[in-house]
Amino acid sequence: MANQDTQILDEVIASGRRKMLALGLTSLAGIAAGAFASSAQAASFTDDDILNFALNLEYLEGNFYYLAAFGTTIDVANSASTAAGAPKITLSGTVGTPGTVTGGSQVPFSTVQVGSYAVETAIEEGKHVQLLLSALGSSAVAQPAINLGTSFPTLAAAAKIPNGSSFSPYASDDDFLVGAYVFEDVGVTAYHGAASLLTVPGNLTVAAGILAVEAYHAGLIRTTMNYIDPQGTGIASYTNLISALRASLSQAALLGAAPDPYDTNPDDFGLAPFQVSLGGGGNVTATRLTDADQTNVIAFARNTTQVLNIVTGGGAVSNGKVVSPAVGVFFPAGLNAGPNGFR
Amino acid sequence: MDKLTALMNRAVSRRKFVAGVGATAGATVVLGLNGCSGSSHTPTPTPTPTPTPKPVVFTDADVLNFALNLEYLEAQFYLYAATGAGLQASDLTPGSASTYQTVGTVTLGDAAAVTGLTPAQQDILNEIAYEEQQHVRFLRSALGSMAVPMPNIDLSFFGPLAVAAGITKTATGDGSFDPFDSFDDFLVGGFIFEDVGVTAYSGAAGLISPAGVAAGYLTAAAGILAVEAYHAGYIRTSLTGRAIAAGSATNYPQLGAANLVEDLRAMLTVGNSAAPSTAGSVETLLVLPTSISSPSAIVAADPTNAVGFARTVNQVLHIVYGSPTVGVGKGGFFPNGVNSVFATTTA
């Protein structure tokens, strides 16, 4: 397949993306000094750094779903994970500081719908971890410390969910869906934001494919919550609170810099219905099973600082400056990254 | 990082995508349609001679216009289902610099507002219709004078398609498949398009030039890809959830109908495309979970790595034209073909 022509094309594509990236970072740095640690760092990061950033997020998602579906972490098989055919992950990543996973337990699912979705999603997130670990090889980051226990009530309280300080996503089908909602749209925005930063065309296609899977998951979660609570008086109303919190954390991480065209403010919507005009007619009510900007209906994109600020509950920004490593909530010791990576 | 590519066994340089329209192709894939009982097909790679290459020279505008043709189709389908009317006239017109200057028409068939919806279901149809309408508008706006007009669209093709898929025996009238007849049948109609939309944008992402990437086309395409996947997730979740609620596949024939659509889509692309996903099928059959500990199959992705599929332009055309034949430029949902340099299948 590869011939000289192909290679030249690939290099042209790669250099084009890299150039755009450099421009974007230059303008960001100009507007908000300190948005990235240094221009030298920004200029030298590689596809590996981007994929390692994604790997940290997949560690987080994978362990959440494994614990909820099987009652175990991704690296320890038990009878439930084995019966479901979920891969046991060998934690082969060595870059950075290995940590432990705390909190989390098997959800006593009562409906086939939600239980089977949890099992499917766990398997798929586990495969994403495996794929990234395998692709990164000796460059892969270690699994960092991950908090899947007290992190949830902290976030739920910050989002002002009723009785949020005692919230557990492992208590019931409904609570599990709320917990899953916290992650899924974030994964979409992270992969979307990363897509144009990747320089190897094959990596772009894989990232696009994982982006699609994260959006399938997000659509699954939002659809299921809408079916359970079409009136939006219970768990569906929590989605609005969570989305508002994510949007505010994301906005804070911009530090006044111009957002991506597909990162409007707010850059997140819960399930609250909105009004639309169809075929030039009068307004009608529509659900919001898609998390996207209202005009062009293009999913939101977030940069790594925005994503870091969400998953650390505001740990990426302090006193108008970017804090690195971002620490807090799900990542009590921060993410793992190479010298030029994102944390 | 080339290892990622190797792992996926789907190198997708620009050239590889274009392979469907010209370059030397590698092995193609023959899907075994018999005995598909699992959640995905088992492919049997079979080397197949490639037809004489016929290079297609294309621009970023051509890539976006190809997507626009598909969005016209989706928007008309969902708008008719939600409201009984289609896109407004101002959303159909050609850009002044477009090669194509004739606005097409819609053959309606059974197209009409779906009846018997609950308010919650109506709101969902409204959302999807709105979102596809806005994709049409976004692409038209991005393309400006280069935007192609809506081609002729045939919404009566659902009947013949269902016959080809083995869902019904009759293409029209009593006993034919009508996606506008009920919410459940609407889900099957939407199912025909949604996974295809996801894979089409995945495939198109690699066709965008460096200049187009710098102009933001790639990010926009990735964002629309995500929205199509939200929709596909919605459709597949609904079909699965309603089948679970019905208690059995027999009680909910739409689940089986959707899987017959997947078989048909696979069959239409057998042996005729140098697909980026030649490592495996690009379909994931729906399953009916039987317990809280058995997995559903909401996500359509490769079974090894859980990475979403991509389709080439040719594969997409074979599906929307309803024809596996190479060299075909029209048919199915597009009776006069798409308004595109890619209109005729070349592989």
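These numbers come from a predicted model, not from an experiment.

About the cut-offs
Residues numbered from 1 in each chain as written. Chains lettered and ligands numbered in written order. Predicted model: local features only at pLDDT ≥ 70, side-chain atom pairs only at ≥ 80, totals over all residues. Heavy atoms only, no water. Helix = DSSP H or I, 4+ residues; strand = E, 2+ residues; numbered from the N terminus. Buried < 20%, exposed > 50% of the residue type's maximum accessible area, 1.4 Å probe, protein only. Axes fitted to C-alpha atoms, helices over the stretch in contact; angles between N-to-C directions. Parallel < 35°, antiparallel > 145°, perpendicular 65-115°, else oblique. Left-handed = near helix turned anticlockwise from the far one by under 90°. Contact = heavy atoms within 4.5 Å. Nonpolar A, V, L, I, M, F, W, Y, C, P; charged D, E, K, R; others polar. Pairing = 2+ DSSP bridges. Buried area = accessible area lost by both parts, 1.4 Å probe. Salt bridge = Lys/Arg side-chain N within 4 Å of Asp/Glu carboxyl O. Polar contact = N/O pair within 3.5 Å; in protein donor to acceptor, adjacent residues only side chain to side chain.

Caption draft 1: Summary view of the environment of A:G279. When you line up the elements, A:G279 lands in the loop between strand 3 (274-277) and strand 4 (283-286). Note on A:G279: relative accessible area 25%, which makes it partly exposed.

Caption draft 2: Seen up close, the packing of helix 4 (residues 119-143) of chain B against helix 8 (residues 217-246) of chain B. All names here are of chain B. At their nearest, the axes of helix 4 and helix 8 sit 12 Å apart, and the two run at 160° to each other. Here helix 8 runs roughly antiparallel to helix 4, going by the angle between their axes. For the pair helix 4 and helix 8, the crossing hand works out as left-handed. Residue-level inspection shows Q121, I124, I128, E131, E132, H135 and F138 of helix 4 in contact with helix 8, the latter providing A220, I224, V227, E228, H231, Y234 and R242. Per-class residue counts for the contact of helix 4 with helix 8 are seven nonpolar, three polar and four charged.

Caption draft 3: Focus on the pairing of strand 3 of chain A. Residue and element names in this part refer to chain A. Residues of strand 3 alternate between two faces, with F274 and V276 buried on one and Q275 and S277 left unburied on the opposite face. Of the strand pairs in this sheet, strand 3 and strand 4 are connected by four bridges, and their pairing is antiparallel. Directly across from S277, in strand 4, lies its bridge partner N283. If you look at the hairpin formed by strand 3 and strand 4, you'll find five residues sitting between the two strands, and G279 has a positive phi there, around 60°.

Caption draft 4: Just the interface of chain B and chain A, in detail. In this complex, chain B contributes 83 residues to the contact, which on the side of chain A involves 84 residues. Between chain B and chain A, the buried area comes to about 6,700 Å², and carbon and sulfur atoms account for 68% of it. Across the contact surface, chain B and chain A share zero salt bridges. Sorting the residues of the side of chain B that touches chain A by element identifies helix 1 (2-8), helix 2 (14-18), helix 3 (60-83), helix 4, helix 6 (183-205), helix 7 (210-214) and helix 8 of chain B as the ones contributing at least two each. A per-element tally of the side of chain B that touches chain A places helix 8 of chain B first, with 22 residues. Looking at the side of chain B that touches chain A residue by residue, the classes come out as 43 nonpolar, 28 polar and 12 charged.

Caption draft 5: Structural view of helix 10 (residues 304-311) of chain A. Residue and element names in this part refer to chain A. Among the eight residues that make up helix 10, eight are buried, leaving the element largely enclosed by the rest of the structure. Contact partners of the buried residues in helix 10: helix 3 (47-70), helix 7 (173-195), helix 9 (235-254), strand 5 (317-318) and strand 6 (321-322). Taking the backbone nitrogen of T305 as reference, a side-chain oxygen 3.0 Å away marks N303 as the first, capping residue of helix 10. Backbone geometry just after helix 10 places G313 at a positive phi near 60°.

Caption draft 6: Representation of unusual backbone geometry. Residues and elements named next belong to chain A. The omega torsion of the bond from N265 to P266 falls at 0°, within 30 degrees of zero and hence cis. The topology assignment puts P266 in the loop between helix 9 and strand 3. Although it is not a glycine, L255 sits at a positive phi angle of roughly 50°. Summarising the element assignment, L255 is placed in the loop between helix 9 and strand 3. Positive phi, normally seen in glycine, also occurs at N319, with a value near 50°.

Caption draft 7: Expanded view of the pattern of salt bridges. All names here are of chain A. Enumeration according to the criterion identifies 15 salt bridges over all chains in this entry. With a closest N to O distance of 2.8 Å, D185 and R222 form a salt bridge. You can see D185 sitting in helix 7 and its partner R222 sitting in helix 8 (residues 201-228), a full 37 residues away along the chain. Take D185 and R222: they sit in the same class, and that class is buried. Each of D185, R222, R246, D267, D268, D291 and R302 takes part in a single network of salt bridges with overlapping partners.

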